[in-house]
Amino acid sequence: MSGKLRMNIFNGLEKIVKKDYPLGQSTWFGLGGRAEYFIRPQTIAQLADVVKRCSENSVPMRVLGFGSNLLVRDEGVKGTVIKLDGEEFCKVKHDGLILTAGAGADLGKLVLDCVRRGLGGIEILAGIPGSIGGAVRMNAGGIFGDLGSAIESVTLMDNDGNIFEKSKPELSFDYRQTNITAKIILAAQIKLYEADPQHLLKTVKEVWIYKKNTQPLNTKSAGCVFKNPRGMSAGAMIDRTGLKGTKVGGAVVSEKHANFIIAEKGCKSSDVILLIDTIKQQVKEKFDVELELEIEIW
Ligand SMILES: Cc1cc2nc3c(=O)[nH]c(=O)nc-3n(C[C@H](O)[C@H](O)[C@H](O)COP(=O)(O)OP(=O)(O)OC[C@H]3O[C@@H](n4cnc5c(N)ncnc54)[C@H](O)[C@@H]3O)c2cc1C
């Protein structure tokens, strides 16, 4: 379908639809091409309308969080990219020990807010950049724990724009994955516990120091590129393959953490993709292990 025909699909929504939007700038890597349509609904009704129009017209649809786990290809993305950063999607509500956070809420800010309120449960996620939607989808976490363990329920939207909930017994969270198949996560209900703010702050600091010492945080990356194969460390395998510092164009394997690829000046997405292929191939040769991507490539 041509771009012109597709634009008719979004008739009346011109205020929230941008065409040929430079998507790379909305990701932590800062790389990659344009989204055919970039849509920022301001209300749930508008979102449902967009979702329905995309479904009815078979327009591919993706949801962007903070772009901290994404690499956008140089040629960009066909179809629609939806960003839930309108006020309605970023609401945060505390009700006793239950925190309800909209998909667009900032995980890092929530962590600190909960610490201040003396509410434990997500302090172990300190230093993980991202939105609540992205953190639920990825079951963000690390050696200290993950978000999934604290999730009571999630509010989702299906491809017809219908809203529904999924709660604990039906939800399963695993290493960097969930059984949520709905395209859109609208909000999450998180169960917290009362705790001493000073104690929580100490944990946040410990997690931060650990991350700062082991990860290249002030660089353009998308965190760990590969998942750790069961019982093994992808970073250690890449390191033992001698790949630290390996460069393709502007993409380089971090000297600090071999599972991070850093985009240096002039880097293109294709450099990162080529470096990923090189790493996969060499780790396969040395360890006979197929590394699986943790980051998503669009
Ligand atoms: C420096 C650095 C350190 C990192 N450290 C960690 C770490 O310690 N642990 C860890 O787990 N991750 C880490 N990451 C990766 C990243 O922070 C997490 O995966 C994060 O949860 C991604 O959130 P996001 O909002 O940026 O999602 P995006 O990168 O924007 O999207 C990731 C996925 O989530 C989907 N998604 C986003 N929002 C929604 C929504 N509302 N509904 C449905 N799907 C949605 C996207 O479609 C995509 O599939 C790190 C990244 C960086 C750059």
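Residues numbered from 1 in each chain as written. Predicted model: local features only at pLDDT ≥ 70, side-chain atom pairs only at ≥ 80, totals over all residues. Heavy atoms only, no water.

Asks: How should I be thinking about the overall build of the protein in this particular structure?
Replies: Counting its regular elements, the protein contains 7 helices and 20 strands. Relative to a compact globule of 298 residues, whose C-alpha radius of gyration would be 19 Å, the protein shows 20 Å and is just as compact. If you line up the protein on its principal axes, its C-alpha atoms span 55 × 50 × 30 Å. Across the 298 residues in the protein, those meeting the buried criterion constitute 50%. Partitioning the intrachain contacts of the protein with sequence separation of at least 6 by distance along the chain shows that 65% fall at a separation of at least 24. A total accessible area of about 14,300 Å² is found for the protein, and carbon and sulfur atoms account for 49% of it. (Helix = DSSP H or I, 4+ residues; strand = E, 2+ residues; numbered from the N terminus. Rg over C-alpha atoms; globule rule 2.2 N^0.38 Å. Buried < 20%, exposed > 50% of the residue type's maximum accessible area, 1.4 Å probe, protein only. Contact = heavy atoms within 4.5 Å. Areas by Shrake-Rupley, 256 points an atom, 1.4 Å probe, with all protein chains shown as cover.)

Asks: Where do I start with the packing of aromatic side chains in this structure?
Replies: Between two aromatic rings, the relevant description is the distance of the centres plus the angle of the planes. Taken as a whole, this structure holds 3 aromatic pairs when the rule is applied. Relative to Tyr210, the ring of Phe144 lies with its centre 5.5 Å away and its plane at 85°, an arrangement referred to as edge-to-face. Here Phe144, found in the loop between β9 (141-142) and β10 (145-146), pairs with Tyr210, found in helix α5 (residues 197-214); they are 66 residues apart in sequence, far enough to count as distant. Just above the ring of Phe287 sits the side chain of Lys286; from NZ or CZ to the centre is 5.9 Å. (Phe/Tyr/Trp six-rings, centres within 6.5 Å; stacked < 30°, edge-to-face > 60°. Lys NZ or Arg CZ within 6 Å of the ring centre and 35° of its normal.)

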